[in-house]
Each structure stands twice: as C-alpha cells, then as structure tokens.
Amino acid sequence: MKLFFSYPITLVYYFAYLVVLCTIQPIQWVAFKLFGDRGLKIAFDYVAFFSLKCNHILGTRFSFENRALIPKNATVIFVSNHQSLLDTAGIIWYLRKFNCLFVTKKELGKGIPSISYFLRHGKYALIDRSNPKQAIPLIKSLAEYIEKEKASAVIFPEGTRSKTGEPKEFAHSGLKILCKFAPSAYVVPISINNSWKVYQQGYFPLSLGHHIVFTVHKPLKASAFYFEDLMELTEKTIVQGVKL
C-alpha cells in the first residue's frame with residue numbers, strides 16, 4: 001500500500017520542487033546583481049530550505065546533531081559520507097552560518113534551475129572527475145579562499161553517492177589539498193544516515209517516511225596531525241557513525 005501511494009506523492013513532490021527552483025532563480029539573479037555574493041548566498045540558502053520542506057511531502061524528517069561542536073570564527077573543512085542529493089541541501093541549510101563552499105562535479109553547473117546558476121556564479125569548486133589534474137588548482141583556490149575569509153569547505157571524499165548507505169573508500173587527494181592550503185583549518189567529520197533510503201527505488205517513485213540524520217563529530221585541528229593520520233581518523237570516525 002505504501003508503494004502504491006508513493007507514485008502520486010512523488011509526482012506532487014517533483015512538481016513542488018520544480019516550482020521552488022523556477023521561482024527562486026529570478027530572485028537569485030536580482031539578489032546577485034544588487035548585493036553581489038552575499039545576496040546570491042542568502043537566496044541559495046532558501047533554495048536549500050524549501051527543498052527540504054518539499055521533502056516533508058514524502059514524509060521525510062531531518063535532524064542535525066551536535067552543531068555546537070563546530071568551531072566558531074575559524075576555517076573549517078567539513079568531511080562527510082555521501083548518500084543522496086539531500087545531503088547537500090541539508091548541509092547548506094543547517095550549516096548556513098558557516099558559509100559552506102562545496103567541492104562538487106562540474107556537470108551540476110548546467111541545466112538545473114537555481115542550482116546551476118548558483119554554482120556558476122558562486123565560489124564552489126566545480127571539478128571534472130575524469131580529469132584529476134584540472135581539479136587541483138580549483139581545490140587549491142578554494143582552500144586559499146576559506147583560509148583568508150575564515151569560511152568553510154565541504155568535501156565528500158567518496159567522490160560519488162553510495163546507493164546502499166555503505167560508505168565507499170575515501171579518496172585522499174581533495175582533502176589533502178584543502179588541508180595544505182588552509183593550514184589553520186579544523187576538519188569536522190559528519191556522518192549522514194538514511195538519505196539513501198529516499199532513493200532506494202530510484203528517482204521514481206521515491207521512498208516515503210524516512211528520518212535523515214546528520215551527526216557532527218569532534219573537530220580535528222589539521223595542523224596537529226600528519227595528514228595520513230588525520231585522514232585515517234576522519235574516515236574511521238565517519239564510517240563508525242553510519243548505521244546500516
């Protein structure tokens with residue numbers, strides 16, 4: 001019965017989400033023209049907010065635990081496992097005060113209302129996963145920016161989403177570049193649970209009634225570790241926080 005109702009509810013969800021994206025894009029354009037990067041960021045924060053609200057149509061709930069652990073007025077590198085598209089929206093909204101900038105794939109820079117516009121004009125690092133050399137200067141530039149501005153970067157070291165929730169092996173290169181060129185940064189591990197379940201049947205229909213939980217772990221001062229030890233501890237902390 002739940003599967004039967006998931007079909008019409010998924011259609012309602014997608015319609016609501018499309019309305020949100022198409023409505024906010026012109027607002028983003030005006031905000032960017034009038035207020036620059038700050039206006040663009042605030043407008044995009046609300047893309048994330050309303051996209052999370054649209055997920056209530058699916059019966060999806062969100063919790064973001066232990067935000068008080070995150071250092072204030074400091075450079076922060078958030079490192080997380082990656083289960084679905086909802087991971088990004090949750091981090092953008094719940095951590096909006098930390099001015100999070102993502103390392104993400106360049107394909108998202110085209111064809112998606114609101115989202116692609118923001119990625120093209122914001123300070124995200126849009127990388128070509130088929131060309132690792134292209135990614136190096138982009139991630140380096142992002143690291144230098146967050147170091148200078150006391151902002152935050154977000155990286156998913158798995159590189160792609162886990163369709164079963166089980167974390168994939170973490171790649172080291174992106175985080176290593178961020179730590180090297182943002183030497184004052186704190187690395188903050190985040191474990192995400194259950195967002196993959198919304199998409200366990202694919203994009204249609206979506207699965208109903210899940211509780212997505214983001215758990216922030218103890219910050220790690222990057223300069224206090226050899227990188228190999230930092231990476232091992234970060235990955236171990238995240239993986240242990242994932243409940244299968």
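Residues numbered from 1 in each chain as written. Predicted model: local features only at pLDDT ≥ 70, side-chain atom pairs only at ≥ 80, totals over all residues. Heavy atoms only, no water.

**Overview of the overall build of the chain**
Counting its regular elements, the chain contains 6 helices and 8 strands. Since a compact globule built from 244 residues should have a radius of gyration of about 18 Å, the 18 Å found for the chain is in line with a globular shape. Counting only C-alpha atoms and orienting by the principal axes, one finds that the chain spans roughly 55 × 45 × 35 Å. By sequence separation, contacts in the chain at least 24 residues apart represent 76% of the contacts at least 6 residues apart. Accessible area for the chain stands at about 12,300 Å²; split by element, carbon and sulfur atoms hold 61% of it. The average position of the 30 basic charges and that of the 16 acidic charges among the side chains of the chain differ by 7 Å. (Helix = DSSP H or I, 4+ residues; strand = E, 2+ residues; numbered from the N terminus. Rg over C-alpha atoms; globule rule 2.2 N^0.38 Å. Contact = heavy atoms within 4.5 Å. Areas by Shrake-Rupley, 256 points an atom, 1.4 Å probe, with all protein chains shown as cover. Lys, Arg positive; Asp, Glu negative; His and termini not counted. Charge placed at Lys NZ, Arg CZ, Asp CG, Glu CD.)

**A closer look at the packing of helix α1 (residues 2–55) against helix α2 (residues 86–94)**
Each pair of packed helices can be described by the angle between their axes along with the distance between the axes. In the contact formed by α1 and α2, the axes pass within 8 Å of each other and the chain directions differ by 125°. Judged on the interaxial angle alone, α2 and α1 are oblique. As for how α1 packs across α2, the hand of that crossing is left-handed. Counted together, Phe-44, Asp-45, Tyr-46, Ala-48, Phe-49, Ser-51, Leu-52 and Asn-55 of α1 and Leu-86, Ala-89, Gly-90, Ile-92, Trp-93 and Tyr-94 of α2 form the full contact between these two elements. Considered class by class, the residues forming the contact of α1 with α2 number 10 nonpolar, 3 polar and 1 charged. (Axes fitted to C-alpha atoms, helices over the stretch in contact; angles between N-to-C directions. Parallel < 35°, antiparallel > 145°, perpendicular 65-115°, else oblique. Left-handed = near helix turned anticlockwise from the far one by under 90°. Nonpolar A, V, L, I, M, F, W, Y, C, P; charged D, E, K, R; others polar.)

**Regarding the layout of surface pockets**
Taken as a whole, the largest pocket encloses approximately 1,200 Å³ of empty space. Considering the residues around the largest pocket, the lining is formed by 45 residues, among which His-82, Val-103, Thr-104, Lys-105 and Leu-108 are closest to the centre. Among the elements of the structure, α1, α2, β3 (100–105), α3 (115–121), α4 (132–149) and α5 (173–181) are those that each provide at least two residues to the lining of the largest pocket. With 9 residues, the top contributor of residues to the lining of the largest pocket is α1. By residue class, the composition of the lining of the largest pocket is 31 nonpolar, 10 polar and 4 charged. Taken together, 17 residues make up the lining of the second largest pocket; nearest its centre are Asp-37, Lys-41, Asn-99, Leu-101 and Phe-118. Mapped by element, the contributors of at least two residues to the lining of the second largest pocket are α1 and β3. (1 Å grid on protein atoms, 1.4 Å probe; cavity = no way out; pocket = protein on both sides within 12 Å on 5 of 7 lines; lining within 4 Å. Points joined across faces, edges and corners; volume = space filled by probe spheres on them.)

**Some thoughts on the environment of Ile-24**
Relative to the assigned elements, Ile-24 resides in helix α1. Residues in contact with Ile-24, not counting those within four places in the same chain, are Ala-43, Tyr-46, Val-47, Phe-50 and Ser-114.

**Examining the side chain of His-217**
If you trace the backbone, His-217 turns up in the loop between β7 (211–216) and β8 (220–221). Reaching out from His-217, the side chain makes a polar contact with the side chain of Ser-191 at a distance of 2.8 Å. Residues within four places of His-217 in sequence aside, it is in contact with Leu-69, Val-188, Pro-189, Ile-190, Ser-191, Thr-237 and Gly-241. (Polar contact = N/O pair within 3.5 Å; in protein donor to acceptor, adjacent residues only side chain to side chain.)

**Overview of the packing of aromatic side chains**
Taken as a whole, this structure holds 17 aromatic pairs when the rule is applied. By the ring-pair criterion, three or more aromatic residues cluster together here, those being Phe-44, Phe-102, Phe-118, Tyr-124 and Phe-156. The ring centre of Trp-93 lies 3.7 Å from the NZ or CZ of Arg-96, which sits over that ring. In this arrangement the basic side chain of Lys-221 is found over the ring face of Tyr-186, its NZ or CZ atom lying 4.6 Å from the centre. (Phe/Tyr/Trp six-rings, centres within 6.5 Å; stacked < 30°, edge-to-face > 60°. Lys NZ or Arg CZ within 6 Å of the ring centre and 35° of its normal.)

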